[in-house]
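# Chains, contacts and geometry: an overview
Here are the chains, one letter per residue:
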Amino acid sequence: MPLALLALAVGAFGIGTTEFVMMGLLPEVADDLHISIPTAGHLVSAYALGVVIGAPLLAAATARMSRRTVLISLMGLFVVGNALSAFAPDQHWLLAARFVSGLPHGAFFGVGAVVATGLVGPERKARSVSLMFLGLTVANIVGVPVATAMGQHLGWRATFLGVSVIGVAAIASLFLLIPHDRAHASEGGLRGELAALRSLPVWLALGTTVAGFGALFSAYSYITPMLTDSAGYTEGSVTLLLALFGVGATAGNLLGGRLADHSLRGTLFGGLLSLVVVLALFPVLMGAQWSAAVAVTLLGTAAFVTGSPLQLMVMEKAAAAPSLASSANQAAFNLANAGGAWIGGLALAAGFGATSPALAGAALAVVGLAVAGTAYAVDRSRTTRPVPHARVVATGVPDRPEALRR
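First, a word on what this report is: a plain description of the structure on this page. (Residues numbered from 1 in each chain as written. Predicted model: local features only at pLDDT ≥ 70, side-chain atom pairs only at ≥ 80, totals over all residues. Heavy atoms only, no water.)

### Side note on the overall build of the chain
What counts is decided by this rule: Counting from the N terminus, the helices are DSSP H or I runs at least four residues long and the strands are E runs at least two residues long. Contact criterion: two residues are considered in contact whenever any of their non-hydrogen atoms come within 4.5 Å of each other.
Along the chain, the regular secondary structure elements total 18 helices and two strands. Long-range pairs, those at least 24 residues apart, make up 83% of the contacts in the chain between residues at least 6 apart in sequence.

### Here's the deal with a nonpolar patch on the surface
Here is the rule we go by: Only residues whose relative accessible area exceeds 30% and that take part in no salt bridge are eligible for patches, with like-charged residues grouped when within 9 Å of each other and nonpolar side chains (Val, Leu, Ile, Met, Phe, Trp, Tyr) grouped when within 5 Å. Computed by Shrake-Rupley with a 1.4 Å probe, the accessible areas treat only the displayed protein chains as cover when residues are assessed. Basic side-chain nitrogens of Lys or Arg form a salt bridge, by our definition, when they fall within 4 Å of a carboxyl oxygen of Asp or Glu. Remark: exposure states derive from per-residue accessible area (1.4 Å probe, protein chains only) relative to the maximum for the residue type, with buried under 20%, exposed over 50%, and partly exposed in between.
Taken together, the side chains of Leu49, Ile53 and Leu57 define a hydrophobic patch exposed on the protein surface, amounting to about 270 Å² of accessible area. Classification of Leu57 by relative accessible area gives exposed; the value is 53%.

### Details of the pattern of salt bridges
The tally for this structure, following the rule as stated, stands at four salt bridges. The partner of Arg127 in a salt bridge is Asp261, and the shortest N-O contact between them spans 3.0 Å. In this pair, Arg127 is assigned in helix H6 (residues 125-154) and Asp261 in the loop between helix H11 (238-260) and helix H12 (264-280), connecting sequence segments 134 residues apart. Using a relative accessible area of 17% as the deciding quantity, one classes Arg127 as buried. Taken together, the shared-partner salt bridges in this structure form one network comprising Arg265, Lys317 and Asp379.

### Some words on the packing of aromatic side chains
For clarity, the cut-off: Put simply, two rings from Phe, Tyr or Trp (the six-membered ring, in Trp's case) pair if the centres are within 6.5 Å, and we call them stacked under 30 degrees between planes, edge-to-face over 60, tilted for the rest. Consider the ring centre and the ring normal. A charge sits over the ring if Lys NZ or Arg CZ is within 6 Å of that centre and within 35 degrees of that normal.
Scanning the model with the defined rule gives eight aromatic pairs in all. Pairing Phe213 with Phe333 gives two aromatic rings, centres 4.6 Å apart and planes at 85°, and the pair type is edge-to-face. Taken as a pair, Phe213 in helix H9 (residues 200-220) and Phe333 in helix H16 (residues 322-349) lie far apart in primary sequence, 120 residues in all. Residue Phe213 is classed as buried on the basis of its relative accessible area of 4%. Among the aromatic residues, those joined into a ring-pair cluster are Phe213, Tyr220, Phe245, Phe304 and Phe333. The ring of Phe175 is capped by Arg68, whose NZ or CZ atom sits 5.0 Å from the centre of that ring.

### Some details on the side chain of Thr137
To keep things clear, this is the line we draw: We define a polar contact as two N or O atoms separated by no more than 3.5 Å, with the added condition that, inside protein, one atom must be a possible hydrogen donor and the other a possible acceptor, whereas residues neighbouring each other in sequence contribute only through side-chain atom pairs.
Here Thr137 shows up in helix H6. According to the relative accessible area criterion, Thr137 is buried, its value standing at 1%. There is a polar contact of 3.1 Å between the side chain of Thr137 and the side chain of Thr250. Dropping the residues within four chain positions of it, Thr137 is found in contact with Gly246, Ala249, Thr250, Asn253 and Phe304.

### Quick notes on helix H10 (residues 223-230)
Worth spelling out the cut-off: Here, the arc refers to the directions that run from the helix axis to the C-beta atoms.
Burial in H10 covers these residues: Ile223, Met226 and Leu227. Viewed along the axis of H10, the buried residues span an arc of 90°, placing them on a single side of the element. On its buried face, H10 sits against H9, H11, helix H13 (282-285), helix H14 (289-304) and helix H17 (356-383). Positive phi shows up at Gly232, right after H10, with a value of about 85°.

### A few points about helix H3 (residues 42-61)
So the rule is basically this: One less than the number of residues in a helix, times 1.5 Å, gives the span that helix is expected to have. The term bend refers to the angle at a residue between two fitted axes, each drawn through seven residues, those ending there and those starting there.
Under the 1.5 Å per step criterion, the end-to-end length of H3 is 27 Å for 20 residues, consistent within 8% with the ideal 28 Å. Helix geometry: H3 is bent most strongly at Gly54, by close to 35°, with proline Pro56 lying one to four residues after it.

Structural data, given as structure tokens:
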């Protein structure tokens, strides 16, 4: 695998760290800014909103630029956003800074996935995407715990300064390792790229992302009360268990990339089916501490097996606008985050028990399987569509339509 993938992974590591570290720093931020923890929770939403808005917007705005230049510029915006977070004087400035930090997230992964697949042969495309995502999953094992500990001992502002340093390291890596390329102006311009997103297969692929990862976040958003109320863990043990989730996610990400290079759709269906099974078993697995630890690990593995296949499928379905479609898929991931957490919260609020968000997630994973099955049926119907009959003329040579000649 090309060394340039390391530069993408470093950027992904920084993005993954800043995305998830705020959840662990909410008490420190709330205390320092003299706001309530629920109010501080809006900082998480501001980042996600930045991702959803920035992913398609920045990908479209930079569609004609060199992808190397785009990646470096996006990481520059990432550094600015985190530096602004470190020096924010009050909650309103911090809210705006977190929004700015989220803007480059989706476009970086979207354009990065296109660059990653362009660095390798067709038989290794999914693996190249999984190696870029490796930075995101490793951030959950190393980056987030270290950044959280830094914030607790040195202050939350030090955390965002540290993340800014990671961003600078990513810029240097991208500058040194990503090969130079030319601007990528599509024939139809921005309008042509947007037209590529009108395809039904593209929207079905994006719908699979929303439902599949919505299943994950329906359970993961409420994993702490499951572990404390059902499995009997202390709150101090939850951090270690979340690291196990990161280990499972890393393993699933690498496994999914390798398997998807052999069977893209088979890996996707297998990952979604395993996610249904794991989530459905959560009420049983949360009955003991050892099985709860296994459940958290398997949840990360099952969910992230589907990450690379989904990213690659969206890119293939929108071949005329791979960067824009790939970035839109990142927006879909964050919609899944918000929607899954909301649906899991509804299950809890209805009084169905601490593990009910996992069962709601299992139902969402079934929906994801149904959408993926519909996408498969649509593809089959298009590939098996009857070919117009050839017409034989006096020369004895079939007179085929021009489209068939090509």
